[in-house]
Amino acid sequence: MNIIQSLMTRYLFLILFALVLFPLIPAIYYSHLLFNQVLYDPDEIEDIWKREAAQLDGQEEEVIHHRLQSIKNKYPKAEIFWINGSGESRFIGNRSADIPENWTFIDSLVFMEESKFHVDTFLQNKDPQKIYTITALIGNDPRQGVMVFQVPITDTNLGSITLNEDLPFVIFFISTCGAFLLISWFFFFNIRKRLVKLQFAMSEMGNEGIPDEVVIRKMDEIGRLEGAFNEMINQLKCSREREKKEENLRKQLIANISHDLRTPLTVIRQHVYSVKKYPKSSTEIESLQIVENKLDDMDKMINNLLSYTLLSAGKHPIDMRDTDILDEVRKVIAEWYPIFEECKFEIDIDLPEKSLIWKVDPIWFKSILDNLIQNVTRHTRSGRYIGIQTVERFGSTFIVIKDKGGGFGQESENKGAGIGLSIVSLMMKEMNLDWEISTSSDGTSIYLGMKT
Amino acid sequence: MKLTILHIEDDQEIGSWVSKFLTDCGYEVIWITSGHEAMKHMERADLVILDIMLPGLDGYTIGQRLKQKYPNTPIMMLSARTSMEDKLQGLTFADDYMTKPYHPDELAARIQVLVRRLGIVSPEIIQVMHLRIDQKSNRILNTISKTDIVLTGKQFHIFMYLLDHLNQILTKKQIYEAVWGDPYIEGDKTLMVHIRLLREKIELDTSKPQIIETIRGIGYRLRS
């Protein structure tokens, strides 16, 4: 992955941009103030002023004037004047209207008070002093006079930091912050959007219950995640296909085995039939009957094996629909009736003449009934009884199949591995039906009903 | 006239036995071991017995082709393929599906049912207890009193439907829907009334019906 395309690089770049930009903006904005010398340093001036005052001790008025003039030349924005020992003002350059020509004692006091520079006032007052004033006694002697240096605060480096008066800068700064926020938001919004899209793609099921692949637009970390996701989907699809192929092969194999087993059984049955037609003795008839019965058993076993394999693999076709269950039960009994009669069973059918609608697959349901009824005819011949009725249990109608055989504990000559009941169990579960077996040595009752 | 059955079965042992069995049952049998030649025998065949696992074209394909060209010739699948899917696929075109190992008597009975149901043989006279039914002229004769039994339209329909399914138990719903053509509503007494009236005409003793038997909780059966 290209390092420039990395989300981390872009994020670091964004942060770096912010870190550098915030101090840089004011620095650039005020660079002209910082680097040119137009602002006067009050401390430096004060030093010069005191030093000059001391040096002018006892000097002639001309010398003082000349000296102050040279200072004025150095600081042209400043207003400089001095008051001699007699209280008269001597201006350097133009005379300021605020300054009296002659000074009384009161004038001096008022002037001193007004022009005194209060740091606290300057920082806190909303309307600070506009003029910065420095005074010094010439030769440190009040009788020789006072020299005064006045400069607007804005021309000193004291007054240049008042942000609240610098609206363009404030607007520019806020806009820069806003832009940064916007870029950051856009950056994360973009990431979030892509993650949400990916999440949606992961949870949205496509064909065969597998999510579809996503389109990779950027090769950053999320792009790589999308790539890995696509890879996973491909593997899943391959494995599903392989599984399907294997299942089909297995299904085919079972179907073929079942077919190949039935073919010799068919031949055996045909020949048993031929021999039975012209029996030589009653023992022969008996033996042939046993062979035929065993053929039937084997046929059922192969059938059950096939059904069970298909059912457990979820490959038995199912078509659930509203079905009149009592009608289905009647049709199944009608088919079995001749066999009950042949076995001399006492038949006790008690089904109400009403509709009982369950959502089932009719073919599966018939298969369940066939299986259960077949068990009765195979294992409970001694009881010679079959009862098929409806009963009310737990507030809903159940169908009960009863026999008077020896129960499940009894050893039956025809007992198998119970695969028939396993099939019933699987089918009942699949169709969301409830069933219960109540068995004792007096007989067995199997209840079938809708799950509540 | 002998009916001709086209039997398509590749297994020599099964094929030869079935052919002999059906010949003994009074049919003329053409036995072929693959579907390639099936079409040329179809002109003569009244019924087809078809296996699924055949060399070359399978039974489904052959069956579909035969049915498409000869829709009136009944096809019975006789196969060792027993899964529900196979049966359903087979019954999309076939008229019956029987699985191996089959009972030869059942095979013969099913062939008869197919032949009767599809009207391949001309109607014949059937004897049920003391009744002689001439299906050609739709007459029912009481052989004891030597008189014709006159039935109403519905009674006749019910009787003939039961006769078509001789010895088979039919549910009330099956009979009602076949005769009336309407959906049956559980508890409806119409059929019961008609059966009672029918019995009065055909039974010797209506308190002990011998011909139309009531199967309690299920329906009725016409006993031969």
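Looking at an unreviewed UniProt entry, one finds chain B named Response regulator transcription factor, with Cytobacillus citreus as its source organism.

The name an unreviewed UniProt entry gives chain A is histidine kinase, with Cytobacillus citreus as the organism. The annotation that UniProt attaches to chain A under Catalytic activity (unreviewed entry) is "ATP + protein L-histidine = ADP + protein N-phospho-L-histidine." Taken directly from UniProt, the Subcellular location (unreviewed entry) text for chain A runs: "Cell membrane".

**Q** Any chance you could explain the interface of chain A and chain B here in plain terms?
**A** Interface size is often expressed as the accessible area that is lost when the parts come together. Across the boundary between the two partners, chain A contributes 40 residues, which contact 36 residues of chain B. Interface of chain A and chain B: buried area, both sides summed, is about 3,400 Å²; carbon and sulfur atoms make up 57% of it. Among the residues of chain A in contact with chain B, A:Gln270, A:Tyr273 and A:Glu353 are the three that bury the most area, contributing 19% of the side total. For the interface between chain A and chain B, the tally reads five salt bridges. Its salt-bridge partner being A:Asp327, residue B:Lys173 comes within 3.2 Å of it at the nearest N-O pair.

**Q** Looking at this model, I keep getting lost on the sheet that holds strand S1 (residues 79–84) of chain A. Mind explaining?
**A** The pairing of strands in a sheet comes from backbone hydrogen bonds and takes either a parallel or an antiparallel form. Residues and elements named next belong to chain A. Spatially, the four strands line up as an open sheet ordered S2-S1-S4-S3, and their pairing is antiparallel. Edge positions in the sheet fall to strand S2 (89–92) and strand S3 (131–137), since each of these pairs with one other strand and no more. Averaged over all pairs of adjacent strands, the angle between strand axes in this sheet comes to 20°, irrespective of strand direction. When S1 meets strand S4 (residues 145–152), the two strands line up antiparallel, connected through six bridges.

**Q** I tried to follow the UniProt feature "modified residue: 4-aspartylphosphate" (unreviewed entry) in chain B on my own but got confused; where do I start?
**A** Residue and element names in this part refer to chain B. Sites flagged by UniProt as "modified residue: 4-aspartylphosphate" (unreviewed entry) map to Asp51. Here Asp51 is to be found in the loop between strand S3 (47–50) and helix H3 (59–69). Setting aside anything within four residues of it in sequence, one finds Asp51 in contact with Ile8, Glu9, Asp10, Gly59, Met77, Leu78, Ser79 and Lys100.

**Q** Can you walk me through the pattern of salt bridges in this structure?
**A** Where side chains of opposite charge bring their charged atoms close, a pairing between them can arise. What the rule picks out here adds up to 34 salt bridges over all chains. One salt bridge in this structure joins A:Arg321 and A:Asp319, with 2.5 Å as the shortest N-O distance. A salt bridge links B:Asp86 to B:Arg81; its shortest N-O distance comes to 3.1 Å. Each member of the pair, B:Asp86 as well as B:Arg81, carries the same accessibility label: buried.

**Q** I'm lost on the pairing of strand S5 (residues 96–99) of chain B in this one. Help?
**A** Side chains on a regular strand alternate between the two faces of the sheet. All names here are of chain B. In the sheet, strand S4 (residues 75–79) pairs with S5 via four bridges, with the strands oriented parallel. Within S5, the residue paired with Leu78 across the bridge is Met98. This β-α-β element, S4 to helix H4 (residues 84–90) to S5, shows right-handed connectivity.

**Q** Looking at this structure, I do not really get helix H3 (residues 42–55) of chain A. What am I missing?
**A** Along an α-helix, residues three or four apart share an orientation, since each turn contains 3.6 residues. All names here are of chain A. Helix length check: H3 (14 residues) gives 20 Å between terminal C-alpha atoms against 20 Å at 1.5 Å per residue, within 8%. Taken together, the buried positions of H3 are occupied by Pro42, Ile45, Ile48, Trp49, Glu52 and Ala53. Around the axis of H3, the buried residues are gathered within 130° of arc, so they sit on the same side. Across from the buried face of H3, at angles greater than 90 degrees, the exposed residues are Asp43 and Gln55.

The rules behind each value
- Residues numbered from 1 in each chain as written.
- Chains lettered and ligands numbered in written order.
- Predicted model: local features only at pLDDT ≥ 70, side-chain atom pairs only at ≥ 80, totals over all residues.
- Heavy atoms only, no water.
- UniProt positions renumbered as here; feature names shortened; annotations may be inferred.
- Contact = heavy atoms within 4.5 Å.
- Buried area = accessible area lost by both parts, 1.4 Å probe.
- Salt bridge = Lys/Arg side-chain N within 4 Å of Asp/Glu carboxyl O.
- Pairing = 2+ DSSP bridges.
- Helix = DSSP H or I, 4+ residues; strand = E, 2+ residues; numbered from the N terminus.
- Axes fitted to C-alpha atoms, helices over the stretch in contact; angles between N-to-C directions.
- Buried < 20%, exposed > 50% of the residue type's maximum accessible area, 1.4 Å probe, protein only.
- Right-handed = clockwise from strand over helix to strand, strands pointing away.
- Expected span 1.5 Å × (residues − 1).
- Arc of directions from axis to C-beta.

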